[in-house]
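Listed below are the residues making up each chain.
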Amino acid sequence: MATTKKPTRSRKAKKTAPTIKQKLLTLSYKLFFAMIVLFGIALVFIDIHIRQQFEGKRWAVPAKVYARPLELYAGLPLSLGDLKIELRGLGYQFVSKVTQPGQAEFSTTKAIIYSRGFNFPDGNEHAQQLVLDFSNEKLTNISTYQGNPIPLVRLEPILVGGIYPLNNEDRDLIQLQDAPQGLLDALIAIEDRDYYQHFGISPKGIARAMWINIKAGSFVQGGSTLTQQLIKNFYLNSDRNLARKLMEIPMAMLLELHYSKDEILEAYLNEIYVGQEGARAIHGFGLASNYYFAQPIQELKLHQVALLAGLVKGPSYYDPRRHPERSKRRRDLVLKVLNEQKSITDAQYKQAIAMPLGIVKRASLLKGAYPAYLDLVKRQLRQTYRDQDLNSEGLRVFTSLNPIAQNKAETALVNTISKLEKRHGGKIKKLQGSMVVTEPQTGEVIAIIGGRQTRYQGFNRALDAVRPIGSLVKPAVYLTAIEQGYTLISEVDDSPYTLTMKDGQVWSPENFNHQSHGMVPLHQAIAHSYNLATARLGMDLGLEKVINTLQRLGVTRPIDAFPSLLLGAQGLSPIEVATMYQTIAANGFQMPLRSIRMVTDNAGQELSSYPFQLKQTVSSNSIHLLQYMMQETARSGTARSIYHHLPSSINAAGKTGTSDQQRDSWFAGFTGNRLAIVWLGQDDNASLPLTGSSGALQAWIDYMATETLEPFVSASPEGIEYLWIDQQSGQLSADHCTGAQQIPFLLGTGPTLAVDCVGQYNDPVSKSINWVKQLFR
Amino acid sequence: MKLTTNTYRIAVLTVVLAMAGCSSTLVVPTEDRNSTSPRVEQAKPVVNDGAIAIPLPEETVNQSQQSTAPLMTEPNAISVPMSPSVIKPAQQNTALVALLNEANSYSQQGDLRSAQTSLQRAQRIAPRDPQVYYALANTHLTLQDYGLAEQVALKGVSIVQGQPDQLNQFWNLIAFIREAAGNTSGAKQARETASRY
């Protein structure tokens with residue numbers, strides 16, 4: 001029995017022991033099975049995810065913002081120096097003999113450029129060699145290399161910025177065929193030599209990396225294939241851990257299962273991270289080419305593509321700007337591998353390693369160089385487009401930014417500020433400035449400066465610094481006077497003036513020099529910017545009328561009807577001042593200032609355009625008289641230093657402005673082809689030892705002196721007649737008489753009596769009558 | 001009676017062609033208020049992108065004037081602001097002609113938006129050429145954007161001051177536009193203005 005029991009027990013015991021094992025085993029099987037099922041399900045999900053992301057819109061592509069294209073035609077005011085500014089912005093190489101697109105050669109009066117061509121929304125410009133002849137700061141002739149004349153051609157526009165998504169990734173998408181073969185060879189040679197043989201992962205590569213890691217005692221190298229790198233960048237985060245590695249492998253294999261090697265390589269070229277500029281992450285070789293060489297990728301040479309391929313391993317470690325020697329060693333290693341693999345000949349190798357890195361300085365990159373202008377563009381775009389469309393749909397935004405004018409304006413403003421600080425020593429600290437430049441006939445904004453650090457993306461003074469405009473308001477007062485029947489020689493009273501307001505407050509304005517000038521003709525009161533005359537005149541006219549004039553000139557901001565308005569207590573931003581003066585420069589036609597010409601989708605289809613719009617709000621006659629007075633301001637008034645530096649023929653018109661306690665120095669003025677508003681001041685609103693004339697006007701002059709100017713000429717309207725006037729008496733005179741000045745009048749409003757040339761009135765009795773008449777005009 | 005769009009196009013096209021013809025042959029009378037003096041020699045005109053300005057020669061500013069008139073104290077300055085009564089249309093600029101032809105061809109195909117794009121390009125090249133404004137006003141007229149059409153035509157008027165032929169054509173165009181917009185009295189007024197030239 002016992003013998004029978006033992007086995008029973010032992011059977012029981014035997015039965016019990018395997019049961020636990022079995023249970024464990026079964027559990028393991030189940031777990032294993034569940035894991036396989038879960039893994040399978042995960043794979044299916046991963047597969048769906050991979051395909052969706054790969055086939056759908058892969059990247060949020062920022063909107064691209066372009067400057068205006070430079071139009072080339074015979075007769076264009078353009079110097080060789082201007083052309084060089086433009087071509088540098090476009091990343092052209094200056095060579096002794098052009099052979100390919102993106103190159104230019106120069107002699108003293110001639111330039112040959114090989115344009116790259118561009119697909120504009122309204123037609124394509126193809127790449128071609130252009131021969132340009134220059135004379136006296138003008139493009140006199142333009143022809144093909146064969147000598148055939150070309151009436152008009154557009155250069156490609158400079159890419160000046162983008163509107164980035166929240167992750168700050170920036171990229172210019174390219175297609176595989178855009179990439180130079182050398183880049184593909186170099187990438188494969190240095191990063192994944194088995195690329196075209198493996199199935200997403202490379203056991204050989206992993207083994208090699210493991211061996212290196214064991215030897216180093218730490219994780220120094222991954223055996224990632226290009227496919228794995230794409231997976232890592234595209235789908236996963238960049239943590240180096242085992243879990244990520246484990247995910248990478250099946251994902252890479254799945255990707256290879258669905259897509260061809262070329263498709264994967266193209267995605268890689270666009271995805272890979274290659275550099276960092278502040279918050280902006282540089283992705284893809286299309287943008288890398290521009291970021292490091294300021295050239296399109298198609299134009300890169302062997303030594304350049306080798307550098308880009310070498311960067312992939314560590315864009316920060318091998319940053320060619322911060323670590324040029326390290327970067328060159330890496331580049332030369334890439335070239336050496338290419339040579340060893342017989343992708344390049346010995347001669348090519350030797351030639352390439354002898355080349356310098358050829359990296360452009362950040363300062364020469366125009367993308368991101370114009371934050372203030374871009375700010376205006378973005379504000380206008382946001383009225384029509386959602387942020388997500390702007391930063392992801394690859395929109396193309398064509399603006400009217402003129403990089404040549406912007407460059408000149410920046411130089412003038414920054415230099416003037418430095419000069420003024422130097423001249424006034426400790427009296428000016430941290431002088432700031434801003435500027436708006438427009439084309440007066442079209443209303444296009446061509447340059448904006450938001451502060452003396454022109455590349456700083458912070459406070460945009462041109463748009464947001466609302467400061468008292470001082471005497472810049474006076475043209476509105478004098479225009480109102482003209483509309484109310486004053487002539488340019490109507491006498492106004494510049495004697496001391498005190499106004500007691502309803503609430504008992506007393507307003508006693510003063511002239512800048514604290515002197516009064518008695519009775520003065522209207523035109524001289526504005527030319528010399530007399531405050532007493534203006535205050536009295538404005539109050540006689542009525543504040544509401546002056547406000548109405550300001551509104552007709554384009555000021556939309558609510559304006560308080562305080563007497564101090566007449567001397568410029570009202571605050572406006574420089575861009576608002578530009579809108580106001582634009583109406584004066586454009587003969588009374590108010591036009592919205594435009595910075596955008598057209599927006600297209602990424603295929604070039606027009607989404608919106610911003611056509612030329614205008615509305616006449618001031619009569620041609622009245623504006624002509626005002627223009628005359630503003631020309632006189634430039635000839636002999638507060639802005640007369642213009643003609644110390646600029647040719648007499650430009651016939652500029654403008655107005656100086658100095659705010660209360662000299663906190664702001666303004667100048668607003670125009671020639672035939674440029675209107676510029678300059679503001680100087682301090683952010684803490686401190687007083688300055690500057691007036692509009694000694695401050696802002698100097699920057700305006702410096703800028704205009706570098707521009708190819710056209711004279712401001714306004715055709716005299718039919719209702720205007722010019723008469724020779726004796727300045728002493730205000731009576732008719734003749735052109736050969738002493739003290740005679742030719743002055744415009746509305747037909748029939750001029751004086752009827754004449755003086756002779758020695759200054760005697762023909763009819764002394766009428767003198768007093770006429771004087772009284774003038775008073776009541 | 002209301003005119004049809006086609007009638008406008010034909011009428012306007014005829015005038016545009018006439019203008020184009022005129023501008024190449026038109027001898028522009030250049031007046032300058034400084035040139036009336038028998039003592040003063042005609043200064044050499046400064047021609048710049050279609051505008052003509054005649055600076056006064058330095059010798060016209062005599063010593064006594066300099067002492068009495070602050071206007072003449074600057075070494076470089078001429079006596080007074082310049083404002084000739086006539087602005088010459090742009091010299092035949094091949095780029096401008098190419099763009100006007102392109103715009104014309106778009107208009108004939110009925111693609112007025114493209115025509116406007118070409119004309120705005122032309123405007124940037126020659127912002128004071130009346131043909132640009134005439135053709136641009138015409139596209140707005142055809143698109144029945146009468147308000148803007150009239151404003152663009154008025155801008156043309158401001159440019160061709162002193163040139164009777166062109167003033168006549170612009171005021172007739174304004175009359176067309178006002179008529180189309182239903183502004184009969186305004187049209188009559190514009191026609192009367194046109195008839196003065």
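Residues numbered from 1 in each chain as written. Chains lettered and ligands numbered in written order. Predicted model: local features only at pLDDT ≥ 70, side-chain atom pairs only at ≥ 80, totals over all residues.

K.L.:
Help me out: how do you make sense of the overall build of chain B in this one?
P.N.:
The number of helices and strands found in chain B is eight helices and two strands. The helix and strand sequence of chain B, counted from the amino end, reads α-β-β-α-α-α-α-α-α-α. Taking all 197 residues of chain B together, 49% fall into the buried category. Taking all contacts inside chain B whose residues are at least 6 apart in sequence as the whole, residues at least 24 apart take part in 55%. (Helix = DSSP H or I, 4+ residues; strand = E, 2+ residues; numbered from the N terminus. Buried ≥ 20, exposed ≤ 12 C-beta atoms within 10 Å, placed from the backbone. Contact = placed C-beta atoms within 7 Å.)

K.L.:
I tried to follow the overall build of chain A on my own but got confused; where do I start?
P.N.:
Regarding its fold elements, chain A presents 24 helices and 32 strands. What you see for chain A is a C-alpha radius of gyration of 36 Å, clearly larger than the 28 Å of a compact globule of 777 residues, by over 25%. Projected onto the principal axes, the alpha-carbon positions of chain A cover approximately 160 × 75 × 50 Å. The buried share among the 777 residues of chain A stands at 49%. In chain A, of all internal contacts separated by at least 6 residues, the share reaching a separation of at least 24 is 68%. (Rg over C-alpha atoms; globule rule 2.2 N^0.38 Å.)

K.L.:
Just to check I follow, could you spell out the sheet that holds strand β12 (residues 169–170) of chain A for this structure?
P.N.:
Strand pairing in a sheet relies on backbone hydrogen bonds, with the paired strands running either antiparallel or parallel. Residues and elements named next belong to chain A. Read from one edge of the open sheet, three strands run β12-β14-β13, paired in mixed fashion. In this open sheet, the two edge strands, each paired with only one partner strand, are β12 and β13 (273–277). The pairing of β12 with strand β14 (residues 280–283) spans two bridges and is parallel. In the sheet register, Asp-170 faces β14, and the bridge partner there is Ile-282. Contacts between helix α8 (residues 284–293) and the sheet are confined to β12, β13 and β14, with β14 contributing the most and set at about 115° to the helix. (Pairing = 2+ DSSP bridges. Axes fitted to C-alpha atoms, helices over the stretch in contact; angles between N-to-C directions.)

K.L.:
What exactly am I supposed to notice about the nonpolar core here?
P.N.:
The nonpolar side chains of soluble globular proteins are, as a tendency, buried together. Val678(A) and Ala153(B) are the most contacted members of the largest nonpolar core, which has 186 residues in total. Considering each element in turn, this core owes the most residues, nine residues, to helix α7 (residues 164–180) of chain B. For Ala153(B), the contacting residues outside a window of four places in its chain are Tyr133(B), Ala137(B), Phe170(B), Leu173(B), Ile174(B) and Ile177(B). Of all hydrophobic cores here, the second largest spans 49 residues; its members include Ile188(A), Ala252(A), Tyr292(A) and Val337(A). (Core = buried A, V, L, I, M, F, W, Y, C linked by C-beta atoms within 7 Å.)

K.L.:
Any chance you could explain unusual backbone geometry here in plain terms?
P.N.:
For residues besides glycine, phi is generally negative; the peptide bonds are generally trans as well. Residues and elements named next belong to chain A. One non-glycine residue, Asn-136, lies in the positive phi region at around 50°. Inspection of the secondary structure puts Asn-136 in the loop between β8 (129–135) and β9 (138–144). Phi is positive for Lys-430, which is not a glycine, with a value near 55°. With respect to the helices and strands, Lys-430 occurs in the loop between α14 (403–423) and β16 (432–439). The class of Lys-430 is exposed, set by 11 C-beta atoms lying within 10 Å.

K.L.:
What's the story with the packing of helix α2 (residues 80–89) of chain A against α14(A) in this structure? I'm lost.
P.N.:
Relative orientation and spacing of two packed helices are given, respectively, by the angle between their axes and the distance between those axes. Residue and element names in this part refer to chain A. Between α2 and α14, whose axes approach to 9 Å, the crossing angle comes to 105°. By the angle class used here, α2 and α14 are roughly perpendicular. Judged by residue contacts, Asp-82, Ile-85, Glu-86 and Gly-89 of α2 engage Pro-403, Ile-404 and Asn-407 from α14. Across the contact of α2 with α14, the residue classes break down as three nonpolar, two polar and two charged. (Parallel < 35°, antiparallel > 145°, perpendicular 65-115°, else oblique. Nonpolar A, V, L, I, M, F, W, Y, C, P; charged D, E, K, R; others polar.)

K.L.:
Just to check I follow, could you spell out the sheet that holds strand β5 (residues 110–114) of chain A for this structure?
P.N.:
Residue and element names in this part refer to chain A. Here five strands make up an open sheet; going across it, the order is β3-β4-β5-β8-β9 and the pairing mixed. If you trace the sheet from one side to the other, it starts and ends with β3 (93–94) and β9, each paired once. Pairing geometry for β5 and β8, over five bridges, is antiparallel. When the sheet's bridge partners are listed, Lys-110 is paired in β8 with Asp-133. Relative to β5, α2 is tilted by about 20°, and along the sheet it contacts β4 (103–106), β5 and β8.

K.L.:
Is there a simple way to explain α8(A) in this structure?
P.N.:
An α-helix turns once every 3.6 residues. As a result, residues three or four positions apart point the same way. All names here are of chain A. Judged by how many residues are buried, α8 sits mostly within the fold: 10 of 10 residues are covered. Those residues of α8 that are buried are in contact with β12, α3 (181–191), α7 (261–271), β13, β14 and α9 (302–311). Phi for Ala-294, located one or two positions after α8, is positive at around 55°.

K.L.:
Got a minute to help me understand the environment of Tyr92(A) in this structure?
P.N.:
All names here are of chain A. By the secondary structure assignment, Tyr-92 is in the loop between α2 and β3. When the C-alpha positions of Tyr-92 and Ala-309 are compared, they lie 23 Å apart, and in sequence the two are 217 residues distant. Once residues within four sequence positions are removed from consideration, Tyr-92 is found in contact with Leu-87, Gly-102, Gln-103, Ala-104 and Ile-113.

K.L.:
Looking at this structure, how should I read the pairing of β13(A)?
P.N.:
The side chains of a regular strand alternate between the sheet's two faces. Residue and element names in this part refer to chain A. Where β13 and β14 come together, four bridges link them in antiparallel fashion. Considered in β14, the bridge of Gly-275 is made with Ile-282. Taking the residues between adjacent antiparallel strands as the criterion, β13 and β14 are bridged by two residues, where Gly-278 takes a positive phi near 60°.

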